[in-house]
Amino acid sequence: MKFFLDTANLDELRRGAAWGIVDGVTTNPSLIAKEAKPLEEHIREICGIIYGDISAEVVSTNAPEMIVEGRRLAKIHQNVVVKCPLTRDGIVATKTLSSEGIRVNVTLCFSANQALIAAKAGAYIVSPFVGRIDDTGWNGMDLVRDILQIYRNYGFNTQVLAASLRSPTHVSQAALAGTHIATMPFKVLDLLFNHPLTDKGLAQFQNDWNKAFQPAPAGG
Ligand code: G3P
């Protein structure tokens, strides 16, 4: 399963990149707006930090404008994946951009039928929002499993990207389901490292080592 960082914050991306386990980045208009920098320059900087698929989302809502915007975003860097929302216009734009060889991540997916539509339009990635479904009292991971099964049934190549992940449990559930990609905030990626027995075990190893090999104090 690929790990993507769901952030547009350059410091977080640099910290994640240093670990060598980040395969890509997802951004959205809310995440870009938080950083308050011009979009194209910002996306270019992100492409310079992480080598992998970098999703950049259109903000237009009608198909002709989404297509123009998507073409412009795709020109920023070869690794840019254009994100289009799962609306009727977004699907028209997805179909057109995909037919031009531009890779599209169809976002804001909340149902299996929406995911089926995205795949039929030629989406490179579909992004079901797990946490936001959980927020409504439904099970977001059930949707991820359903989409994976439907895609398997028909041999669709569209990758399933579990988005809106809020915890390490979400990440391991996504991996168990066989999700192609999990995108997560930096905080969640950081939490994946943690286990109290790792810290305890390391402290014990260091203690034992130091007791055996530390030189005796001078004059002792
Ligand atoms: O990738 C989608 C993600 O940014 C949404 O996450 O936590 O705002 O639901 P969240």
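About the cut-offs
Residues numbered from 1 in each chain as written. Predicted model: local features only at pLDDT ≥ 70, side-chain atom pairs only at ≥ 80, totals over all residues. Heavy atoms only, no water. Near = heavy atom within 4 Å. Polar contact = N/O pair within 3.5 Å; in protein donor to acceptor, adjacent residues only side chain to side chain. Areas by Shrake-Rupley, 256 points an atom, 1.4 Å probe, with all protein chains shown as cover. 1 Å grid on protein atoms, 1.4 Å probe; cavity = no way out; pocket = protein on both sides within 12 Å on 5 of 7 lines; lining within 4 Å. Sits in = over half its atoms within 2 Å of the grid points. Nonpolar A, V, L, I, M, F, W, Y, C, P; charged D, E, K, R; others polar. Pairing = 2+ DSSP bridges. Helix = DSSP H or I, 4+ residues; strand = E, 2+ residues; numbered from the N terminus. Axes fitted to C-alpha atoms, helices over the stretch in contact; angles between N-to-C directions. Contact = heavy atoms within 4.5 Å. Salt bridge = Lys/Arg side-chain N within 4 Å of Asp/Glu carboxyl O. Buried < 20%, exposed > 50% of the residue type's maximum accessible area, 1.4 Å probe, protein only. Patch = residues over 30% accessible without salt bridge, like charges linked within 9 Å, V, L, I, M, F, W, Y side chains within 5 Å. Points joined across faces, edges and corners; volume = space filled by probe spheres on them.

A. Here's a closer look at the site of the ligand. The full set of residues close to the ligand is Asp6, Asn28, Phe129, Arg132, Ala163, Ser164 and Arg166. In this structure, asparagine 28 approaches the ligand through a side-chain N or O atom, which is 3.0 Å from an oxygen atom. One of the side-chain nitrogen or oxygen atoms of serine 164 is found 2.7 Å away from an oxygen atom of the ligand. Alone, the ligand offers 310 Å² of accessible surface; in the complex the protein occludes 81% of this. The cavity that encloses the ligand is the largest pocket. Here the residues of the shell around the ligand sort into 2 nonpolar, 2 polar and 3 charged.

B. Structural context of the sheet that holds strand β6 (residues 125–128). Strand order around the closed barrel formed by 8 strands is β1-β2-β3-β4-β5-β6-β7-β8, with parallel pairing between neighbours. On average, each strand axis in the sheet is inclined to that of its neighbour by 30°, with strand direction left out of account. Judged from the 4 bridges that link them, strand β3 (residues 53–57) and strand β4 (residues 80–85) form a sheet pairing that is parallel. The partner of serine 55 across the bridge, within β4, is valine 81. Sitting on the sheet, helix α5 (residues 88–99) is in contact with β4 and β5 (104–109), with an inclination near 155° to β4.

C. Structural detail: the pattern of salt bridges. Applying the stated criterion across every chain, the model contains 8 salt bridges. Between glutamate 100 and arginine 71 there is a salt bridge; the shortest N-O distance is 2.6 Å. Taken together, the positions of glutamate 100 in the loop between α5 and β5 and arginine 71 in helix α4 (residues 63–76) put the pair 29 residues apart, joining distant regions of the chain. Looking at glutamate 100, the relative accessible area reads 38%, which means it is partly exposed. Judged by relative accessible area, which is 34%, arginine 71 ranks as partly exposed.

D. How the structure looks around a nonpolar patch on the surface. On the surface, Trp19, Ile21 and Phe193 cluster together into a nonpolar patch covering about 270 Å² of accessible area. Inspection of the secondary structure assignment puts isoleucine 21 in the loop between α1 (10–19) and β2 (24–26).

E. Looking closely at the side chain of asparagine 79. Within the secondary structure layout, asparagine 79 lies in the loop between α4 and β4. Asparagine 79 has contacts with Tyr51, Gly52, Asp53, Ile54 and Arg103, leaving out every residue within four places of it along the chain.

F. Focus on the layout of surface pockets. Computed from the structure, the largest pocket encloses a volume of approximately 410 Å³. Around the largest pocket sit 22 residues that line it, and Asp6, Asn28, Leu31, Arg132 and Pro185 are the ones nearest its centre. Contributing elements (two or more residues each) for the lining of the largest pocket: α2 (29–35) and α10 (186–191). Looking at the lining of the largest pocket, its residues break down into 7 nonpolar, 7 polar and 8 charged.

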